[in-house]
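Summary of structural features
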Amino acid sequence: MRDTHPLDIVSGLLLTAAAGFVDAVGFLRLDGLYTSFMSGNSTQFAVSLAQAGHPVAWEIGLLFVAFLAGGFTGSLVSLRLPGRWGSAAVLGLEVGLLVVALSTVLSPAFQGPAAALLAAAMGAQNAALRRSAGFRPGVTFVTGTLFSLSHTLAQAATGTGPAFGWVPDACTWLALVAGAVAGGLAYRGYGLEALVVPVIGVGLVLALAVGRAVRTGA
């Protein structure tokens, strides 16, 4: 992590926390479905297909399509605009999707457009990430991060790796969990209006990204 710029670390952890927040809100509102954790949705989708007439499959299918569309669009933007401006543009796309999702708060049809918009925003977020020295904060899922944590802990225990090489993975996991706890509490207190928190959080990361792109010209 020593080769990673501090702003990249802070921004990545904020994005990870935002993903946990959004996932918790979606999970509570959608009765156990996710807006960013597509591995969990995939298992539930398979189980739904195995149960004739189960109504959940189409909802999960919509989330898959939205996540893929967000990731595809974000990747196109980042490929067309390489460097820091690409990341900033993708983050702008994510903020826009979150804002539109927030604007549907007064609509009772969250299971339709708002859920899909949140999933698309999470798909786009993954396209904005940068990998530095193996550290990839900002992810919307942490299964791989947990395995990496176990591996780096083993390396530290055996002396075959840095003594504190596990810290980045631990911080990434904790950021997602902390964001999810905050999302769950905020949803119970404010309902869908809680989405203003990730809008502000990702908006802050976007501002940092734009500022760095302007200074470096990259």
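Remember, it's a predicted structure, so these values are computed and weren't measured experimentally. Per chain, residue numbering runs from 1 following the sequence as it is written. Given that this is a predicted model, residues contribute local features only at a pLDDT of at least 70 and side-chain atom pairs are listed and counted only at 80 or more, while totals for whole chains, interfaces and linings are drawn from all residues. Excluded from the side-chain calculation are hydrogens and water; included are all heavy atoms of the structure.

**Re the overall build of the protein chain**
Counting secondary structure elements, the protein chain contains eight helices and zero strands. Its helices and strands taken in sequence order, the protein chain reads α-α-α-α-α-α-α-α from the N to the C terminus. Only protein chains enter the accessibility calculation, which uses a 1.4 Å probe. A residue is then buried if its area is under 20% of the maximum for its type, exposed if over 50%, and partly exposed in between. The buried share of the protein chain, taken over its 218 residues, is 44%. Should any heavy atoms of two residues lie within 4.5 Å, those residues are considered in contact. For the protein chain, restricting intrachain contacts to residue pairs at least 6 apart in sequence, the fraction spanning at least 24 positions comes to 70%. Working note: accessible area of the protein chain is about 10,600 Å², and carbon and sulfur atoms make up 70% of it. By the criteria applied, helices consist of DSSP H or I runs no shorter than four residues and strands consist of E runs no shorter than two, each listed in order from the N terminus. The Shrake-Rupley method, run with a 1.4 Å probe, gives the accessible areas here. Residue values count only the displayed protein chains as cover.

**Side note on the packing of helix 4 (residues 84–103) against helix 8 (residues 196–216)**
Axis lines are fitted to C-alpha atoms, over the contacting stretch for helices. Their N-to-C directions set the angle, which ranges from 0 to 180 degrees. Taken N-terminus to C-terminus, the directions of helix 4 and helix 8 make an angle of 160°; their axes are 9 Å apart at the nearest point. One element, helix 4, and the other, helix 8, form an angle in the roughly antiparallel class. Between helix 4 and helix 8 lies a crossing of left-handed hand. Classifying every residue of the contact of helix 4 with helix 8 by side-chain character gives 17 nonpolar, three polar and three charged. Roughly parallel means an angle under 35 degrees; roughly antiparallel means over 145; roughly perpendicular covers 65 to 115; every other angle is labelled oblique. Less than a right angle of anticlockwise turn of the near helix away from the far helix marks a crossing as left-handed, whereas a clockwise turn marks it as right-handed. When residues are grouped by polarity, Ala, Val, Leu, Ile, Met, Phe, Trp, Tyr, Cys and Pro land in nonpolar, Asp, Glu, Lys and Arg in charged, and all others, Gly among them, in polar.

**Points about the side chain of Thr104**
Position of Thr104 among the secondary structure elements: in the loop between helix 4 and helix 5 (110–127). Taking the relative accessible area as the measure of exposure, Thr104 reaches 16% and is therefore buried. Polar side-chain contacts of Thr104 include one of 2.6 Å to the backbone oxygen of Ala101. Here a polar contact is recorded for every N or O atom pair within 3.5 Å, except that within protein the pair must consist of a potential hydrogen donor and a potential acceptor, and residues adjacent in sequence are included only if both atoms are side-chain atoms.

**Observations concerning the packing of aromatic side chains**
The description of two aromatic rings rests on the distance between their centres and on the angle between their planes. For Phe, Tyr and Trp, where Trp contributes only its six-membered ring, two rings pair if their centres lie within 6.5 Å, and the inter-plane angle classes them as stacked under 30 degrees, edge-to-face over 60, or tilted in between. In this structure the tally under the stated criterion is three aromatic pairs. Ring centres 5.1 Å apart and planes at 90° place the aromatic pair Tyr34 and Phe37 in the edge-to-face group. Consider the rings of Phe45 and Phe64, whose centres lie 5.4 Å apart with planes at 80°: the pair is edge-to-face. Note that Phe45 is positioned in helix 2 (residues 38–49) and Phe64 in helix 3 (residues 56–80), a separation of 19 residues in sequence. Taken together through their ring pairs, the aromatic side chains of Phe27, Tyr34 and Phe37 make up a single cluster.

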